[in-house]
Amino acid sequence: MPVTPVSPKGGEQFKGYTDEECLTKSNDLKLLRLRHSIVLRKIVRLEEDVSSTLITAATCDVKQQHLNALKAVQTEIFEQIVAMMPEDIDNDIAEDDKCGNIYHKLETVIANIKPSASVTPAATIAPHSPLLNIPMPTFDGTYEQWPEFKAMFMDIVERSGVSDAVKLHHLNKALTGKASGVLNASVIAGNNFDSAWQQLADRFENPRVIVDKHIAGLLQMKPLQRESARGLRELMKTCKSHVDGLIHMKKEIDGTSNIIVTHILVACLDPETRKLWERTLQKGEFPELQATLKFLCRQCEVLESCAPEGTERLPRVKPVGTKAFSSTLPSTIPPGACAVCKDKHATFRCPEFIALDTIGYKELETVQTDQLYAKAGFELRKWASNEPSVLQYVDHQKLASSPYATDAAEGLLATLGLIWDPVSDTLQFKIHAPYVGETVTKRKVLSCIARIYDPLGIVDPVKAMAKQFLQRIWTLQTDKQQAWGWDDELPPLIQDEWINFHNQLIHL
């Protein structure tokens, strides 16, 4: 039985095709690569022949014609491989670069051997351009990066002289991030570089959006808190990047715009650098952006000379308006010292800490928690615990007050809308249900149910009974087959049932 050879890599190299199409393309690709390797070996042998054999003027034309023929065959095979767009095309491109280098070397040797007077006009072979061997620029889909990417990428591919298929391959690899999914599969499969490039231009070449992004970048520059060479250089880099972007979009920075951009830049300087900059201006003189950038560059050199860059550290930016509070607890524990006995050993090795019971550990945890939050400017208040000894180190003014304290209920605290009794460690409900009075109406029933506040869902069964009772009221009808009114008195049996339920709510 004949066995059909199956390429294990066919499905990996050609995505979007059926298994049969992948198998056919895989076999065609193997054949093209085999032909390409044969041509490459012939080119290498020709190079060895030229290097080891004395070439005379009589044999120069023969070598030249042989080289031209190999070049034409190799180029044709390589273009067919590129048109198939396999995923592992990098090896094929590397072999094509190797052929190009050999062509250039042989052309140079043959041209030096030929006498200038007897040179016969022949077809000129353009030297293989190594431009595509350099790292290509990438584009992640941000509008402000599009002009720079467009200029760099098009300059490289136009100078390289490669085919549209190779250009499209490098363009697809250069797109990252949000831009990676812009090109559709039909454009890539058709090897149409012009259509692909136009599709990108239609998507990202929006002058207004690009200008808006640069203006927003200038307005969002972060102010410096203190003198720093690194911070100044980052600030200058950001400012110059957006200014250059605006100039590239033909929005010149001159006149009023120059003063505005300079004002935005200077507003981000630290106080010391701002004072030094102000001294460079004469009274009534308007600042210039270029002069300001030149001053900042010089200031960076001064700061780097006074403090080497390796030892400079940027300060932590403290939120504006944060107020630091001083704790009334014992002084801060020294670094590396025990939190219990203050000796220089780890807290978990301290004998006093090991001997602490649960309550003693809670006391220590309370002190450390209050100190930790006080360092960040957060003063903890309304302390409460079901164990009074835990709160002995807490300032009396920071203890939670009892809004429900009475002679019968002393120390009750409000917690999440409920009432907590620290002594018994139990939760209670305080329902402000209106007095029923002589008559019970649908409005009064609904008002009472709405006053049962239970965010934790603890008394949901009780609320469910009340809601079921309200559902029964909705089904009531008058003698005229009309819905029961909101202020109409309920039937006596239903009133008695509701009064009984209402009187039991106090037990919650």
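Not measured: the values here are computed from a predicted model.

Looking at this structure, how should I read the overall build of the protein?
Secondary structure assignment for the protein yields 18 helices and three strands. Within the protein, the fraction of its 508 residues that count as buried is 34%. Restricting the contact set of the protein to residue pairs at least 6 apart, pairs at least 24 apart contribute 64%. Per element, the accessible surface of the protein, about 32,400 Å² overall, is 55% carbon and sulfur.

Explain helix α10 (residues 229–248) to me, please; I cannot follow it from the model alone.
For an α-helix, the turn length of 3.6 residues means that residues three or four places apart are oriented alike. Across its 20 residues, α10 extends 28 Å between first and last C-alpha, which sits within 8% of the 28 Å expected from 1.5 Å per residue. Buried within α10 are the following residues: A229, G231, L232, L235, M236, C239, H242, V243, G245 and L246. Residues of α10 that are buried sit in contact with α9 (207–219), α11 (256–267), α12 (271–279) and α13 (289–306).

How should the packing of helix α17 (residues 460–474) against helix α18 (residues 492–504) be read in this particular structure?
Relative placement of two packed helices is described by the angle separating their axes and the distance separating the axes. At a closest axis distance of 12 Å, the pairing of α17 and α18 adopts a crossing angle of 165 degrees. In terms of orientation, α17 and α18 fall into the roughly antiparallel class. When you trace α17 past α18, the crossing you get is left-handed. Residues V462, M465, A466, F469 and R472 of α17 form the contact with α18, whose own contacting residues are I494, E497, W498 and F501. Its residues assigned to classes, the contact of α17 with α18 comprises seven nonpolar, no polar and two charged.

How do you make sense of the pattern of salt bridges when you look at a structure like this?
Side chains bearing opposite charge may pair, as long as their charged atoms lie close to each other. Tallied over the full model, the rule gives eight salt bridges. For R274, the salt bridge goes to E278, with nearest N and O atoms at 3.0 Å. In this pair, R274 and E278 both sit in helix α12, four residues apart, roughly one turn of the helix. We classify R274 as partly exposed; its relative accessible area is 31%. With its nearest N and O atoms 2.8 Å apart, the salt bridge here joins E497 to R472. Separated by 25 residues along the polypeptide, E497 in helix α18 and R472 in helix α17 bring together distant segments of the chain.

Explain the nonpolar core to me, please; I cannot follow it from the model alone.
The nonpolar side chains of a soluble globular protein tend to be buried, and buried together. Residues W146, F153, L171, W197 and L200 are the most contacted members of the largest nonpolar core, which totals 49 residues. Secondary-structure elements contributing two or more residues to this core are α5 (146–160), α6 (164–174), α8 (193–204), α9, α10, α11 and α13. Both domains that meet at this core, namely domain 2 (143–205) and domain 3 (209–306), each give it at least three residues. Dropping the residues within four chain positions of it, F153 is found in contact with M136, P137, K167, H170, L171, A174, F193 and W197. The next biggest cluster of nonpolar side chains, apart from the first, holds 19 residues, and it includes L418, V445, I473 and L476.

Explain the environment of L399 here, please?
Topologically, L399 is positioned in the loop between α15 (358–375) and β1 (413–415). Taking C-alpha positions, L399 is 6.4 Å from A384, a pair spaced 15 residues apart along the chain. Among all residues touching L399, those that are not within four sequence positions of it are K382, W383, L391 and V394.

What am I meant to see in the environment of E278 here?
E278 gets classed as partly exposed once you look at its relative accessible area, which sits at 36%. The sequence separation of E278 and V266 amounts to twelve residues, and the corresponding C-alpha distance is 9.6 Å.

I'm lost on a nonpolar patch on the surface in this one. Help?
A cluster of nonpolar side chains, namely L416, L427, L456 and I458, defines an oily patch on the protein surface of about 390 Å² accessible area. With respect to the helices, strands and loops of the structure, I458 is situated in the loop between α16 (442–450) and α17. The class of I458 is partly exposed, set by a relative accessible area of 45%.

Would you explain α6 in this entry?
Here α6 lies mainly inside the structure; eight of its eleven residues are buried. Residues of α6 that are buried: A165, V166, K167, L168, H169, H170, L171 and A174.

Hey, could you run me through the packing of aromatic side chains in this one?
Any two aromatic rings considered together are summarised by their centre-to-centre distance and by the angle between their planes. Summed over the entire model, instances satisfying the criterion amount to 14 aromatic pairs. Summarising the aromatic geometry, the rings of F153 and W197 are spaced 5.8 Å apart at their centres and angled 10 degrees between planes, so their arrangement reads as stacked. Separated by 44 residues along the polypeptide, F153 in helix α5 and W197 in helix α8 bring together distant segments of the chain. You can call F153 buried: its relative accessible area is 0%. Of the aromatic side chains, those joined through ring pairs into one cluster are F139, Y143, W146, F149, F153, F193, W197 and F204. A cation sits over an aromatic face here: K442 above W474, 4.0 Å from the ring centre. Positioned above the aromatic ring of W486, the side-chain terminus of K442 is 4.6 Å from the ring centre.

Would you take a moment to explain the sheet that holds strand β2 (residues 418–421) for this structure?
Backbone hydrogen bonds are what pair the strands of a sheet, in a parallel or an antiparallel way. Reading across the sheet, the three strands line up as β1-β2-β3 and stay open at both edges, with antiparallel pairing between neighbours. Because the sheet does not close on itself, it has two edges, and the strands there are β1 and β3 (426–428). Pairwise comparison of adjacent strand axes, ignoring direction, gives a mean angle of 40 degrees for this sheet. Relative to β2, β1 is paired through three bridges, and the arrangement is antiparallel. Among the inter-strand pairings, L413 is bridged to a residue of β2, identified as W420.

Conventions we followed
Residues numbered from 1 in each chain as written. Predicted model: local features only at pLDDT ≥ 70, side-chain atom pairs only at ≥ 80, totals over all residues. Heavy atoms only, no water. Helix = DSSP H or I, 4+ residues; strand = E, 2+ residues; numbered from the N terminus. Buried < 20%, exposed > 50% of the residue type's maximum accessible area, 1.4 Å probe, protein only. Contact = heavy atoms within 4.5 Å. Areas by Shrake-Rupley, 256 points an atom, 1.4 Å probe, with all protein chains shown as cover. Expected span 1.5 Å × (residues − 1). Axes fitted to C-alpha atoms, helices over the stretch in contact; angles between N-to-C directions. Parallel < 35°, antiparallel > 145°, perpendicular 65-115°, else oblique. Left-handed = near helix turned anticlockwise from the far one by under 90°. Nonpolar A, V, L, I, M, F, W, Y, C, P; charged D, E, K, R; others polar. Salt bridge = Lys/Arg side-chain N within 4 Å of Asp/Glu carboxyl O. Core = buried A, V, L, I, M, F, W, Y, C linked by side-chain atoms within 4.5 Å. Domains from an automatic or database assignment. Patch = residues over 30% accessible without salt bridge, like charges linked within 9 Å, V, L, I, M, F, W, Y side chains within 5 Å. Phe/Tyr/Trp six-rings, centres within 6.5 Å; stacked < 30°, edge-to-face > 60°. Lys NZ or Arg CZ within 6 Å of the ring centre and 35° of its normal. Pairing = 2+ DSSP bridges.

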